[in-house]
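Take a look at the letters that make up each chain.
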Amino acid sequence: MNLRRLLALPAIAVVLAACGRYRPAVFADRPPVEVVHDDQATPLPSRQGFDEREHLSDVYLRRPLFDVIRPLDFGTGGDVNALDEVPASTWYEPLLTKRAPSGNANASPPTFPFIALDESPTTSPDALVVGDAKGVRYELLTDPPDKPGLHTAAEVLGSLLLRSLGLRAPRAWIVGVPESTLSSNGAEARKRLEAWLARKAALVGGSRRVSATLWPPGIDVGIASDFSLRGDDPNDRVEHANRRTLRAMRIFAHWMGWTSFGVKSTRDVYVGEPGKGHLVHFMTGVSRAFGTQDLQDLPRLDEQAGSLWWHLGTFGLAPVPTTPAKIAAFPSLGYLSETLVPGDFDVSPPYSPFVRLTPGDEYWAGKRLIDAGEDAIRIGIEATELPDNASAHLEKVLNKRRRALIAHATAVVTPLDVAANAGRTVWFKDRAIAAGVAQRKGTYYEVSYLDQSGHELSPRRSFWSAGEISVVPLPDAFEAGPMVLHVRSVRDGIPAPRWCDVHVVVDHTSARVIGIRH
Amino acid sequence: MNRRRLVPIALRIATLLGSGTFASSAAADDPSENEVGGVIERASPPGDTARSAVDALLFVPRSVVRIAVFASTATASFFEDQQVIPRTRAILGTEDDAVRITPTVSLASGLRPDLGARATSRTGSFASMLRTSIIDRDSYVVEGRLLQGLGDRQRTQLVLEGYQERRISGWSGVGPVPSQDGRNAFLPGHAGGAGVFLQARQRIIVAAGTRVADDYELLLSSSFQRRKIEDAPDYVDTIGSTFVPGTVPGAYDRSERIYTEATVRRDTRAVRGPPAAGLLLEAYGGSSVDTNGVYVPALHAGGRASWFISVVRKTSIINPRVTLDVVSPLNSKGLPFVEYASASGFRGVSGRSDRVAALASLDYRWQLRPFVAARIFVDFTTVAPTIPKLSVEHLAWAAGFGVDLHSSQTAIGRIAFAGAPDNVQLILVFGLADPGFGDRQHR
């Protein structure tokens, strides 16, 4: 290939890029999937091992290398239905959002006495595994003596909030455990019990303040990959990095200050008799959320501050910056700031679904935060049995953080959902206005009417917002067939960065929605 | 085969192991987008045509990466790291009962690809591994290892290994400048060349190591090795066509040798994966005996000193180090040429060996982000018949830049460019132990 031809290649690429026309997706004309039946009976999978070196090689070498040589954007999650929602599955339980986050009705707090078991804990390395009087397995976690509630409240509150978002998390309760209620089963279990008792812990009324986490609610078969399918689960058909529920955890983890979230925070549990059961997928280790890992009494040199490129360019010789002390407002709480910068959150090592978070995923996460409501926070905090002043502060902080994340999530897309369709009109619900993070005044919608190839069927029109619900009529000139409403919100003259596509099938008297993408 | 001549820029990719679950598909290709999402045809934004075209063009490099890197990572280091007595969880991983069957790939431009598979398993403190790889009809490796941890925190390790291979290698004679060394008898017109040979060998190693204190390790090991060396088929520049017949001890012969070694090591670094300050000292002594009495018995001794000094930051480390390896035959019988010492930590292409091999290097390593560190380095090496004859004349050197990947306790891999006066290497290694501290038993 001579030089002239070589130089022509970028020019051709530019021309191709410039000539392209937007073509909307094409949806099948069928009802949206409401439930994914990934709970078919499967053989009991093997326990999934975890090797830190293998994982680090994966996240720092293989996955970035592969992403670099793939120029296409990360697409819509594989667990997203035609209406841009996530149907119920073993990963996501949307019904939970419609009732108080009480979780599994069969679960109950442990009953005394407890027998320590010679088993490694899952929810926290500091926990003690016990069986209660009914033989049910729980993991007990304590607090530092001067910070009653620090970890235990996080464990209880976190699991309740996760379930209010539709995710699965083990049930946990605050329990006062007198030392006299504890015994052990065997020499090894005794060693574990003695080590646990030797650790100084916060007391309430002479008893240890403990979070008792019911785990596992089945057979724990190990960590869920943050990238690939599980090879021995036929129900597992969506690459985990492409699951919206896991991508959205970036927003939820930001909200909850869960900076230590990672692949070890997701575990698979087999429920049912071996051969007749199936896997369900849980989030664990939430006692490390709510800034409990971020407390620091004094300013500290932060060797890791700065980007990779900064460290590369400075040869590691730049002065070490100092991070200020991070002190909680109350001893029972972690360091969780009232303010946050949406999007400024990541975990180390990288969590692959976070890397693939799209604006559509963030919007979906924002809707889950909206739906969970302030009630979920209040109910969750009540269950932590924290002092009133700490509870009030934590509730205020979580509500402020939630609102900031909702505002951002509804600003990265055109935040419209279809509330209804009547006759040849489509009724849009503006989620930002409904959530109170945007104003009706100054908001209008630009609507293009496209066919499935992206050609305009009718001139573009604009409609002022009528508030939470706005009605958009379809053009009279278009008689019947599929149509795409290509909609963008404009607030105070600033257009949304992304359009929303609403796919409808139109006839002479009605319009039926068959697909939405944000 | 003259590698330096044939491959002026050597590309060496050695990747080992992977979970076997690496998936290449991106979301847009996910079949469930249609199944759950109801999408028959995905949206196509402006410019998508060009990007799709580029994506199609990248199919070939993507496939290469998929094959080469598919197999990466690190369960191998479980076994490769054992010269350092493991700090239990760092080496054994975090979960019990893990059984893995993983492909292995080793690619090097100008050389034949090495493809294989490895099965590893662990139950409690016991681990086992079986590995095989095939390069071509003349070259293959089969290896099995059993490892048992003992005691509280498994501070003691017992290892039993079996190894068999047929492999093609090169020999260019002894001395820092083989063509000027009178001990090498080159055939006319071949001075300075390398003779290619085919080595078939079987080896059994028994080893026991213990961490006697946090910073001190002791290792005792003994191996029995049988070698058979002959000219490599299908090569023109063989030992027979490069050296005067009968002047290369060990060639065209079968030798059986027992090598026993004791090693003591002190490593004061708090962690071994990330850059950390400390001191590393190692000394070893051993002896090797030809069981058939044909070749000379020899004493082996050596040591390494490496000082890790932090500058400005705790994780910015200057690391000078020196190593010395000595092989001392005990009588005048010939020493098989494959038993000579060479500087195994040299990061260039040296190929030098003799009774004494020395290496001096200076590294500067600094943290880029958690688990990732960068490194610049320069190595100098030479060989000599005796320690007094070590000289800075005819030094081989290599300098380069690399990026390391590490866990909290062990190195995982590295990507490095190493340049020398007559060659440049790109090295990509994952799952292999750092060769910088040598390994006499696994030579």
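Residues numbered from 1 in each chain as written. Chains lettered and ligands numbered in written order. Predicted model: local features only at pLDDT ≥ 70, side-chain atom pairs only at ≥ 80, totals over all residues.

Draft legend 1. Structural context of the overall build of chain A. Broken down by element type, chain A carries eleven helices and 22 strands. For 518 residues, the compact-globule estimate of 2.2 N^0.38 gives 24 Å, and chain A sits close to it at 26 Å. For chain A, the residues scored as buried account for 48% of the 518 residues in total. The contacts of chain A with a sequence gap of at least 6 include a subset with a gap of at least 24, amounting to 73%. (Helix = DSSP H or I, 4+ residues; strand = E, 2+ residues; numbered from the N terminus. Rg over C-alpha atoms; globule rule 2.2 N^0.38 Å. Buried ≥ 20, exposed ≤ 12 C-beta atoms within 10 Å, placed from the backbone. Contact = placed C-beta atoms within 7 Å.)

Draft legend 2. A look at the nonpolar core. Residues and elements named next belong to chain A. If you look at the biggest cluster of nonpolar residues, it comprises 119 residues, and the most contacted ones within it are Leu 140, Phe 252 and Leu 485. Broken down by element, this core gets its largest block of residues, nine residues, from helix α9 (residues 359-384). Structurally, this core is a two-domain feature, drawing no fewer than three residues from each of domain 1 (21-409) and domain 2 (416-517). In this view, Phe 252 contacts Leu 165 and Ala 365; residues no more than four positions away in its chain are not counted. (Core = buried A, V, L, I, M, F, W, Y, C linked by C-beta atoms within 7 Å. Domains from an automatic or database assignment.)

Draft legend 3. How the structure looks around the pairing of strand β16 (residues 443-450) of chain A. Residues and elements named next belong to chain A. With six of its eight residues buried, β16 lies for the most part within the structure. Pairing of β16 with strand β19 (residues 481-491) involves eight bridges; the strand directions are antiparallel. The partner of Val 447 across the bridge, within β19, is Val 487. Both β16 and strand β17 (residues 456-464) contribute to a ladder of six bridges, which runs antiparallel. Of the residues in β17, the one forming a bridge with Tyr 449 is Ser 458. (Pairing = 2+ DSSP bridges.)

Draft legend 4. Region of the structure containing the sheet that holds strand β11 (residues 278-283) of chain A. All names here are of chain A. One open sheet accounts for three strands, arranged β9-β10-β11; its pairing is antiparallel. Edge positions in the sheet fall to β9 (219-223) and β11, since each of these pairs with one other strand and no more. In this sheet, adjacent strand axes meet at a mean angle of 30 degrees when their direction is disregarded. Where β9 and strand β10 (residues 266-271) come together, three bridges link them in antiparallel fashion. Directly across from Asp 220, in β10, lies its bridge partner Val 269. (Axes fitted to C-alpha atoms, helices over the stretch in contact; angles between N-to-C directions.)

Draft legend 5. Fine view of the sheet that holds strand β14 (residues 416-422) of chain A. All names here are of chain A. An order of β14-β15-β18 is seen for the three strands of this open sheet, with the pairing classed as antiparallel. Among the strands making up the open sheet, the edge pair consists of β14 and β18 (469-473). If you compare each strand with its neighbour and ignore which way they point, the axes differ by 30 degrees on average. Both β14 and strand β15 (residues 425-430) contribute to a ladder of six bridges, which runs antiparallel. Within the sheet, the bridge partner assigned to Val 418 lies in β15 and is Phe 428.

Draft legend 6. Focus on the packing of helix α3 (residues 150-164) of chain A against α9 of chain A. All names here are of chain A. Viewed as axis vectors pointing N to C, α3 and α9 meet at an angle of 155 degrees, and their least axial separation amounts to 8 Å. Classified by the angle between their axes, α3 and α9 sit roughly antiparallel to one another. Note that α3 runs across α9; the crossing there is right-handed. Residue-level inspection shows Ala 153, Val 156, Leu 157, Leu 160, Leu 161 and Ser 164 of α3 in contact with α9, the latter providing Ala 372, Ala 376, Ile 379, Gly 380, Ile 381, Ala 383 and Thr 384. Residues that form the contact of α3 with α9 fall into these classes: ten nonpolar, three polar and no charged. (Parallel < 35°, antiparallel > 145°, perpendicular 65-115°, else oblique. Left-handed = near helix turned anticlockwise from the far one by under 90°. Nonpolar A, V, L, I, M, F, W, Y, C, P; charged D, E, K, R; others polar.)

Draft legend 7. Spotlight on the domain arrangement of chain A. All names here are of chain A. Examined at the domain level, chain A breaks down into domain 1 (21-409) and domain 2 (416-517). Inter-centroid distance (C-alpha atoms) of domain 1 to domain 2 is 37 Å. Listed as interface residues are 19 residues of domain 1 and, on the opposing side, 17 residues of domain 2. Contributing elements (two or more residues each) for the side of domain 1 that touches domain 2: β1 (26-27), α9 and α10 (388-409). A per-element tally of the side of domain 1 that touches domain 2 places α9 first, with four residues.

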